[in-house]
Amino acid sequence: MQQTSEEESSTKVSEKIFSDLEADSNGLSEEEAARRLEKYGPNTLEEKKENLLLKFLGYFWGPIPWMIEIAGILSGFLGEWDDFIIILIMLLFNAAVGFWQEFQAANAVEALKSQLALSSRCLRNGEWKAVPAANLVPGDIIRLRGGDIIPADVTLFQKGYLSIDQSALTGESLPVERQEGEVAYSGTIVKQGEMVALVTETGNQTKFARTAKLVEKAGSVSHFQKAILQISDYLIFVSLGLAAVLVVAQLIRGDSFLTVFQFVLILVVAAIPVAMPAVLSVTMALGATALSKKKAILTKLQSIEEVAGIDILCSDKTGTLTQNKLTLGEPVLVEAPGVQDLILEGALASKEENQDAIDLAVINALTDGDSLKNYEQVDFQPFDAVSKRTEAEIRKGDETFKVSKGAPQVIMNLCSLDEAQRESIRKAVDEFAGKGYRTLGVARQDRESGRKWLFRGILPLFDPPREDSAKTIRQAQEHGIDVRMITGDNLAIAREIAGQLGLKNNIQVAEEILAGQEDFDHLNSGIESKIEKSEGFAQVFPEHKYAIVRALQKRGHLVAMTGDGVNDAPALKQAEVGIAVSGATSAARAAASLVLTAPGLSVIINAVEEARRIFERMNNYAVYRITETIRIMIFVVLAMIVYNFYPISTIMIILLALLNDLPILTIAYDNAWLEQKPVRWEMRKVLTVATVLGLIGVFETFLLLILAENFVDLTQAQLQSLVYLKLAVSGHLTLFVVRSRKAFWDPPYPAKALFFAILGTQIAAALIVGFGVFVEPVSWTLIGAVWVYCLFWFLVEDRAKLCLYQHFKLAGKHHQRFLDCLQKLFHS
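Conventions adopted
- Here the residue numbering is sequential within each chain, running from 1 through the sequence in written order.
- Under the rules for a predicted model, residues below a pLDDT of 70 receive no local features and side-chain atom pairs below 80 are neither given nor counted, while totals for whole chains, interfaces and linings still include all residues.
- As a rule here, side-chain values come from all non-hydrogen atoms in the structure, and water together with hydrogens is ignored.
- Throughout, exposure labels follow a simple rule: accessible area from a 1.4 Å probe, protein chains only, divided by the maximum for the residue type, with under 20% read as buried, over 50% as exposed, and the rest as partly exposed.
- Think of it this way: any DSSP run of H or I at least four residues long counts as a helix, any run of E at least two long counts as a strand, and we number them from the N terminus.
- At least two DSSP bridges between two strands are required for those strands to pair.
- Multiplying 1.5 Å by the helix residue count minus one yields the expected span of that helix.
- Here an axis means a line fitted to C-alpha atoms, over the contact stretch when the element is a helix, while the angle between two N-to-C directions is reported on a 0 to 180 degree scale.
- The scheme is simple: roughly parallel for angles under 35 degrees, roughly antiparallel for over 145, roughly perpendicular for 65 to 115, oblique for anything else.
- Take the far helix as the reference: if the near one is turned anticlockwise from it by less than a right angle, the crossing is left-handed, and if turned clockwise, right-handed.
- Any two residues whose heavy atoms approach within 4.5 Å are treated as being in contact.
- As a working rule, the residues Ala, Val, Leu, Ile, Met, Phe, Trp, Tyr, Cys and Pro are called nonpolar, Asp, Glu, Lys and Arg charged, and the rest polar, with Gly in that last group.
- On a range of 0 to 100, pLDDT expresses the predictor's confidence in each residue.
- The term salt bridge refers to a side-chain nitrogen of Lys or Arg lying within 4 Å of a carboxyl oxygen of Asp or Glu.
- As used in this structure description, the phrase polar contact means that two N or O atoms lie within 3.5 Å; if the pair is within protein, one of them must be able to donate a hydrogen and the other to accept it, and residues adjacent in sequence are counted only when both atoms belong to side chains.

Q: Explain the pairing of strand 4 (residues 141–145) to me, using residue names and the numbers behind them.
A: Counting buried positions along strand 4 yields four of five residues, so the element is predominantly enclosed. Looking at chain direction, strand 2 (residues 119–124) and strand 4 are connected through three bridges and run antiparallel. The residue of strand 4 that forms the bridge with Cys-122 is Ile-142. Relative to strand 9 (residues 189–201), strand 4 is paired through five bridges, and the arrangement is antiparallel. Paired with Arg-145 across the bridge in strand 9 is Glu-194.

See the structure below:
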């Protein structure tokens with residue numbers, strides 16, 4: 001099928017633009033494009049590159065580094081040079097760890113961003129090909145269609161129109177129409193239509209780059225991060241409060257202010273979760289990288305919590321639950337003279353270069369593919385979710401006519417049909433639907449028909465379910481996720497496919513539920529209840545998706561919604577997890593928080609599983625940090641008030657902080673427990689578990705101090721060494737306790753990185769005490785006894801953890817039974 005030449009159309013655009021840009025209708029050559037890319041630079045907004053040295057030095061500036069630096073200065077002033085050296089090492093170590101962790105996270109994010117880079121259909125060397133948007137140059141010719149984000153400033157040519165959303169640039173709420181010869185700007189979104197355009201400005205020369213207020217600001221903070229920051233603030237206040245008590249008590253007893261102040265500074269630094277931002281960033285970034293390997297790319301790292309917590313997944317049928325491999329069945333003729341005539345007219349209302357699955361299925365059904373060469377496609381209006389049909393103006397010799405294909409009900413409304421014809425067509429469509437076929441109506445308008453649309457026939461298409469869909473749906477249900485099918489097909493097809501996939505058939509027609517509703521943000525409770533009880537939706541338009549998401553959210557659900565078109569963007573933005581499926585438009589990908597690079601429901605379920613593991617790692621870290629702060633701060637303050645001596649020295653606190661940080665950094669690589677139900681942040685549970693474990697830690701350490709002082713002949717310095725060893729060993733063993741909600745010996749087992757990091761730091765702590773490095777040495781017999789003592793209390797802590805989680809589980813069941821009783825009472 002011949003296309004109207006771009007050369008003819010380009011004459012309607014100012015020839016001066018083509019002349020100034022040294023462009024022609026065949027596009028640039030690859031060599032010329034490379035030369036211009038060198039001249040104009042990449043088609044991206046210039047990003048301010050951070051100086052790595054300045055970034056590293058920034059880790060020496062801030063409240064925590066200041067506290068360490070003041071402690072170091074005081075050590076030097078007091079002549080305690082061993083302490084000074086260790087404090088300096090601690091300062092450098094914290095800076096290096098923070099810098100490296102952030103550097104890792106940034107690299108992971110950059111890798112994810114590169115996978116989400118836009119591409120454009122560009123004419124190079126006379127052929128249409130996909131070109132990265134960053135490589136576009138002035139003089140390039142690109143094709144734009146519904147759902148595209150316009151990648152550069154362009155001048156439109158070739159017959160047609162575009163409906164463009166310019167809200168990101170101008171704030172206009174309504175789309176504007178642009179036609180041949182007019183300008184469209186970078187960053188705006190094509191809502192409808194299809195045209196060819198000439199690139200005039202790229203990169204920082206575009207209107208978007210010149211007029212947009214580019215303000216660097218932090219990304220939005222998720223609920224989980226807010227909770228972690230609240231925990232950090234809480235621990236800081238607790239630490240400072242206990243430190244104040246300690247300072248007052250020791251000053252009253254006559255201790256030197258400088259000595260007490262130096263000790264307290266280091267104690268607070270060790271107790272406060274300095275590494276928390278770095279651990280969170282790396283855990284999320286590495287998790288997101290793991291997700292990308294499973295063909296699911298997070299557009300925002302903070303979305304991990306939402307992915308882990310979804311309890312309803314509204315899934316598109318085509319391409320996600322089905323194979324999106326359409327084959328043509330036996331057509332039904334109405335006005336068409338023959339089957340191949342009907343298929344030909346359907347093919348003329350298609351565009352092969354758009355690589356649309358339906359268009360290709362129709363074109364491939366032609367017995368003589370060369371027959372399309374006898375026709376010229378003068379104009380083409382692509383399918384969109386609003387019109388639900390394509391339309392083309394065709395020329396053959398002196399004859400011109402129009403053809404259209406689309407949803408049968410839409411094509412029927414286009415034509416003048418009597419009730420008998422409508423009933424016959426509806427019956428055929430329903431029969432096909434009962435077999436799982438979707439159908440297309442084909443119509444033609446020409447001089448012979450008096451320029452009226454004639455219904456030519458029905459093209460049945462079959463898209464079989466994916467082989468893994470039924471199994472994956474069962475897997476999703478086991479994970480506490482209710483899968484609800486969303487399809488634009490009619491009710492019969494939806495129910496047939498639902499039956500094949502093992503879904504319930506309580507599927508409703510979206511249009512019927514939402515009939516007469518104009519404000520989807522404020523649906524009445526009756527409609528919200530109907531939507532919640534429905535197990536799938538048929539004949540869905542994009543605006544219905546938004547209404548479904550809003551209704552489910554108001555009923556207390558965390559919702560994931562899939563989509564692929566520009567009109568799906570509002571629903572994808574509204575959902576806790578908007579999922580752009582494989583092959584989605586640029587606009588849908590920009591609105592989504594999760595972008596799939598492979599088809600199928602299994603990709604989404606894999607993403608949920610990985611997100612829950614990431615969430616669990618962060619949750620475990622939160623419990624560990626609270627436990628350790630309570631253990632160290634309360635014990636030290638209590639011991640000093642009761643015994644009036646320092647249970648551990650300044651240098652021991654620093655060593656403790658250094659050795660504790662090493663295993664923590666490997667939490668991001670740990671094998672985490674996979675929760676079978678949606679996970680949400682439960683502050684009460686975290687604080688309860690951490691507080692109980694922390695207080696057990698205080699008790700066991702204080703008991704060791706009492707036993708050692710009364711029954712073992714040790715100097716005060718050796719007693720400090722023993723307490724230091726106890727805190728180091730039990731602190732690291734606590735990681736094995738909190739990393740799983742099951743007994744420590746049950747899978748999932750610790751990752752090698754975590755296990756060997758803990759083993760290494762345990763050996764290091766034993767060697768420090770055994771050989772007296774920076775501390776007073778004690779006998780290896782005592783070191784062994786401390787190990788046995790810590791292992792005993794490790795078992796006690798693990799049993800306490802199991803009892804706590806069992807208590808929460810039972811309490812949750814009782815709470816659920818109470819809610820179920822209330823619900824039954826309410827319904828009765």
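Q: Account for helix 22 (residues 542–554), with residues named and values stated.
A: For helix 22, which comprises 13 residues, the first-to-last C-alpha distance of 19 Å matches the rise-based estimate of 18 Å (1.5 Å per residue) to within 8%. Of the positions making up helix 22, those classed as buried are Pro-542, His-544, Lys-545, Tyr-546, Ala-547, Ile-548, Val-549, Arg-550, Ala-551, Leu-552 and Gln-553. Two residues or fewer after helix 22 comes Gly-556, characterised by a positive phi angle close to 90 degrees.

Q: Describe in detail the packing of helix 27 (residues 683–711) against helix 28 (residues 716–738), supporting the description with residues and values.
A: In contact at an axis separation of 11 Å, helix 27 and helix 28 are set at 155 degrees when each is read in the N-to-C sense. With respect to their mutual orientation, helix 27 and helix 28 come out roughly antiparallel. In the crossing of helix 27 with helix 28, the sense of the turn from one axis to the other is right-handed. On helix 28, the residues that touch Leu-693, Gly-697, Glu-700, Thr-701, Leu-704, Leu-705, Ala-708 and Glu-709 of helix 27 are Leu-719, Leu-722, Val-723, Lys-726, Leu-727, Ser-730, Val-737 and Val-738. Tallied by class, residues from the contact of helix 27 with helix 28 come to ten nonpolar, three polar and three charged.

Q: Describe the confidence of the model for the chain, naming the residues involved and giving the relevant values.
A: Here the chain averages 82 in pLDDT, and 85% of its residues register 70 or above. Ignoring residues within four places in sequence, the model shows residues 212–221, a span with pLDDT below 50, making eight contacts including any to other chains.

Q: Before we move on, can you summarise the pattern of salt bridges with the specific residues and values?
A: Tallied over the entire structure, the rule returns 37 salt bridges. Residues Asp-489 and Lys-317 are paired through a salt bridge, measuring 3.0 Å at the closest nitrogen-oxygen approach. In this pair, Asp-489 is assigned in the loop between strand 19 (482–486) and helix 19 (491–501) and Lys-317 in helix 13 (residues 317–321), connecting sequence segments 172 residues apart. Across the pair Asp-489 and Arg-438 runs a salt bridge, and its minimum N-O distance is 3.5 Å. Taken as a pair, Asp-489 in the loop between strand 19 and helix 19 and Arg-438 in strand 17 (residues 437–445) lie far apart in primary sequence, 51 residues in all. For Arg-438, a relative accessible area of 19% gives the class buried.

Q: Let's hear about the pairing of strand 11 (residues 312–316): which residues, and what values?
A: Each regular strand displays side chains that alternate between the two surfaces of the sheet. Along strand 11, five of the five residues are buried, which leaves the element largely enclosed by surrounding structure. The side-chain alternation of strand 11 yields two buried faces, one formed by Ile-312, Cys-314 and Asp-316 and the other by Leu-313 and Ser-315. Across three bridges, the pairing between strand 11 and strand 22 (residues 559–563) is parallel. Residue pairing in the sheet places Leu-313 in a bridge with Ala-560 of strand 22. Pairing of strand 11 with strand 19, which is carried by five bridges, proceeds in the parallel orientation. Across the sheet, residue Cys-314 finds its bridge partner in strand 19, namely Arg-484.

Q: Provide a residue-level description of the sheet that holds strand 21 (residues 536–538), including the pertinent values.
A: Read from one edge of the open sheet, eight strands run 10-24-23-22-11-19-21-20, paired in mixed fashion. Looking along the sheet, the strands with just one partner apiece sit at the ends: strand 10 (296–298) and strand 20 (508–509). Where strand 23 (residues 577–580) meets strand 24 (residues 594–596), two bridges bridge the pair, whose relative direction is parallel. The partner of Ala-580 across the bridge, within strand 24, is Val-595. Sheet strands in contact with helix 19 are strand 19, strand 20 and strand 21, and its direction is about 145 degrees off that of strand 19.

Q: Which residues make up the side chain of Asp-798, and what values do they have?
A: Residue placement: Asp-798 occurs in helix 30 (residues 780–827). Looking at Asp-798, its side chain comes within polar contact range of the side chain of Lys-801, at 2.9 Å. Leave out the neighbours within four places in its chain, and Asp-798 touches Val-737, Lys-742, Ala-743 and Phe-744.

Q: Can you lay out the side chain of Thr-320 for me, pointing to particular residues and giving the numbers?
A: In this structure, Thr-320 sits in helix 13. Non-local contacts of Thr-320, meaning those with residues more than four positions away in its chain, are made with Ser-315, Arg-466, Ser-469, Val-581, Gly-600, Leu-601 and Ile-604.

Q: Quick one: what's the story with the packing of helix 26 (residues 650–664) against helix 29 (residues 752–771), residue by residue and with numbers?
A: As a packed pair, helix 26 and helix 29 sit with axes 8 Å apart at the nearest point and diverge in direction by 160 degrees. The angle between helix 26 and helix 29 falls in the class roughly antiparallel. You can see that helix 26 and helix 29 cross each other, and the crossing is right-handed. Taking contact as the criterion, the partners of Leu-655, Leu-659, Leu-662 and Pro-663 in helix 26 are, on helix 29, Leu-754, Ala-757, Ile-758, Thr-761, Ala-764, Ala-765 and Ile-768. Of the residues assigned to the contact of helix 26 with helix 29, the class counts are ten nonpolar, one polar and no charged.

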